[in-house]
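Fold and contact review
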Amino acid sequence: MARPTKERRIEFIPENKYFKPAGIPMRDIEEVSLTLEEVEAVRLKDMEELNQEECASRMNVSRPTFQRVLIEARRKIADALITGKAIRFHGGDYKLADKYFHCSRCGERYNKVYQNRRRRGKIYQKYLCPECDN
């Protein structure tokens, strides 16, 4: 019996969850599904240009596991690009990492301390440093 999959930590969920080739109607297109941890692996390795050790640490997995996730994601992306398939981002075994902010004034690291502000009838959230309220 195989071990259960450990939740991978991700820091980013893309706003756009679907890409398709231009000029092909949706009814005629096949799609490839990327899990959110596969998207995170590609983001860390290819966009942030981190080494495998750093990527694996940020996702809370071993280096071999990170490598397997990355290889599978790149295989799916290549398949979609070469054969003209759509790419859908969804699902997976992941846990969203806490988002931390760094204050530019005092250098404090903080997590989602915010204040609601109303402007033109809409409510906006502003993240405030707990040390200096910047």
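Below is a short write-up of the structure. (Residues numbered from 1 in each chain as written. Predicted model: local features only at pLDDT ≥ 70, side-chain atom pairs only at ≥ 80, totals over all residues. Heavy atoms only, no water.)

Comments concerning the pattern of salt bridges
- Enumeration according to the criterion identifies 13 salt bridges in this entry.
- Here Arg43 ties to Glu40 by a salt bridge, and the two come within 2.9 Å at their closest N and O atoms. Separated by three residues within a single helix, Arg43 and Glu40 lie in helix H1 (residues 36-47), roughly one turn from each other.
- Residue class for Glu40 comes out buried when judged on its relative accessible area of 1%.
- When the shortest N-O distance is used, the salt bridge between Lys85 and Asp79 registers 3.1 Å.
- Using a relative accessible area of 21% as the deciding quantity, one classes Lys85 as partly exposed.
- On the basis of relative accessible area, Asp79 is assigned to the partly exposed category, the value being 24%.
- Ionic contacts of the salt-bridge type, sharing partners, join the residues Glu11, Glu40, Arg43, Glu48 and Arg58 into one network. (Salt bridge = Lys/Arg side-chain N within 4 Å of Asp/Glu carboxyl O. Helix = DSSP H or I, 4+ residues; strand = E, 2+ residues; numbered from the N terminus. Buried < 20%, exposed > 50% of the residue type's maximum accessible area, 1.4 Å probe, protein only.)

What to know about the environment of Lys45
- Note on placement: Lys45 falls in helix H1.
- In this structure Lys45 comes out as partly exposed when scored by relative accessible area, which is 25%.
- A C-alpha to C-alpha distance of 9.9 Å links Lys45 and Phe66, two positions 21 residues apart in sequence.
- The contacts of Lys45, once residues within four sequence positions are left out, are Leu50, Asn51, Gln52, Cys55, Phe66, Leu70 and Arg74. (Contact = heavy atoms within 4.5 Å.)

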